[in-house]
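Each chain, written out:
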Amino acid sequence: MNEPATAGRSSSGLLDTLGKWIPARFRSDIPVVPVVRLSGVIGAVTPLRPGMSLAGVAKLLERAFATRNAKAVALALNSPGGSPVQSRLIYLRIRALAAEKKLPVYAFVEDVAASGGYMIACAADEIYCDPSSIVGSIGVVGGSFGFQELIRKIGVERRLYTAGEHKAQLDPFLPEDPADVARVKALQREIHALFISLVKDSRGARLKGDEDTLFSGEYWAGGTSVTLGLSDAIGDLRAVLREKFGDKVRTPVIAAPTGLLSGLMRKSSGAEASLDGFAALPDQLISALEARAIWAKYGF
């Protein structure tokens, strides 16, 4: 009379035994949380080190959200910010994919998630950081140089031809015009308002600090960012995901191709065209210095 039950137990034991031989990536009983690394200055481009942009990360995000047996998607973030446009485009793509695939998103701040980097972090349902992480800098910054006295001293004549009253505004070789500065500041206030709205929509009631403080452009260490509600908790990727999904959770890194394949892809896309000759070298140097200055602002 007990034979069917015994047979059932034998069959179950056989399946368990066979399951141990199946590679983890093919097993539906092992949770998977793909990890997308989002690092670097956003939007700033130099020939050898393109900055982070939607075009550069879109396929990585799509691969992550399409991962078999995915229970969530993790973002490993390390960015001092950059272009507000590219930051928002990446934010929107993450939110769209999360809604489409019905997957939660967890952001893990490494050294820094500031300015546009924090905007991207807001695409996550929960933000985790290290106690020493730099978080915040919700503001807009822009700058230039004034070379008009320098070129006068070395005997260089500036010749500039425009069609359009304000086409040459903030030209570094012309004296600063207060009207131009006022226009730029108005533009910055508009962009800042969009940034503030995005943070409020994303963090909601979790924001604890005074708005004049939170949105002043100031930045904080990880522990304070949690107190202010900019982050949810202190925690590292491995520990948090194990706590949420168990010790067997798999965290494959979804990365861009490297080596020969990466080089061929850059060449085919025309990313190396500016290396032909030295005409663009000054712009390349300035871009590299600007990127370095953004990192240096946060002590890196």
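Please refer to the structure placed before this passage.
Everything numeric in this text was worked out from a predicted model, so none of it was measured.

K.L.:
Can you help me understand the environment of Phe195 in this one?
P.N.:
Checked against the element boundaries, Phe195 lands in helix H6 (residues 178-203). Phe195 sits in the buried class, given a relative accessible area of 4%. Counting along the chain gives 80 residues from Phe195 to Ser115, while the straight-line C-alpha distance between them is 9.0 Å.

K.L.:
I tried to follow the pattern of salt bridges on my own but got confused; where do I start?
P.N.:
When the charged atoms of two side chains lie near each other, side chains of opposite charge can form a pair. Using the criterion set out here, one finds 8 salt bridges in the structure. Here Asp125 and Arg95 are joined by a salt bridge, their closest N and O atoms 3.9 Å apart. A residue pair is termed long-range when its members are at least 10 positions apart, and Asp125 in the loop between helix H4 (116-121) and strand E4 (126-129) and Arg95 in helix H3 (residues 84-101) qualify at 30 residues. For Glu100, the salt bridge identified is with Lys101, shortest N-O distance 4.0 Å. With relative accessibility at 53%, the residue Glu100 sits in the exposed group.

K.L.:
Explain the pairing of strand E3 (residues 105-114) here, please?
P.N.:
Regular strands have side chains that alternate between both faces of the sheet. With 8 of 10 residues buried, E3 lies mostly within the body of the structure. As paired strands, strand E2 (residues 73-79) and E3 are joined by 6 bridges and run parallel to one another. Among the inter-strand pairings, Ser79 is bridged to a residue of E3, identified as Ala113. Assessed by its sense of winding, the connection that carries the chain from E2 through H3 to E3 is right-handed. Sheet topology places E3 next to E4; 4 bridges connect them, and they run parallel. Counted as the bridge partner of Val109 is Cys129 from E4. The sheet contact formed by E3 and strand E5 (residues 134-136) spans 3 bridges and is parallel. Of the residues in E5, the one forming a bridge with Ala114 is Gly136.

What counts, and at which threshold
By convention here, each chain's residues receive numbers from 1 onward along its written sequence. Confidence filtering applies because this is a predicted model: local features only for residues at pLDDT of at least 70, side-chain atom pairs given and counted only at 80 or more, and all residues used for totals across whole chains, interfaces and linings. Side-chain descriptors were evaluated using all non-hydrogen atoms of the structure, hydrogens and water having been removed beforehand. Helix and strand labels come from DSSP, where a helix needs a run of H or I of at least four residues and a strand needs a run of E of at least two; each type is numbered from the N terminus. When a residue's accessible area, from a 1.4 Å probe over protein chains only, is under 20% of the maximum for its type it is buried; when over 50% it is exposed; and in between it is partly exposed. Whenever a carboxyl oxygen of Asp or Glu lies within 4 Å of a side-chain nitrogen of Lys or Arg, that contact is scored as a salt bridge. Think of it this way: DSSP has to see at least two bridges between two strands before they count as a pair. Seen with its strands pointing away from the viewer, a crossover is right-handed if its path from the first strand over the helix to the second goes clockwise.

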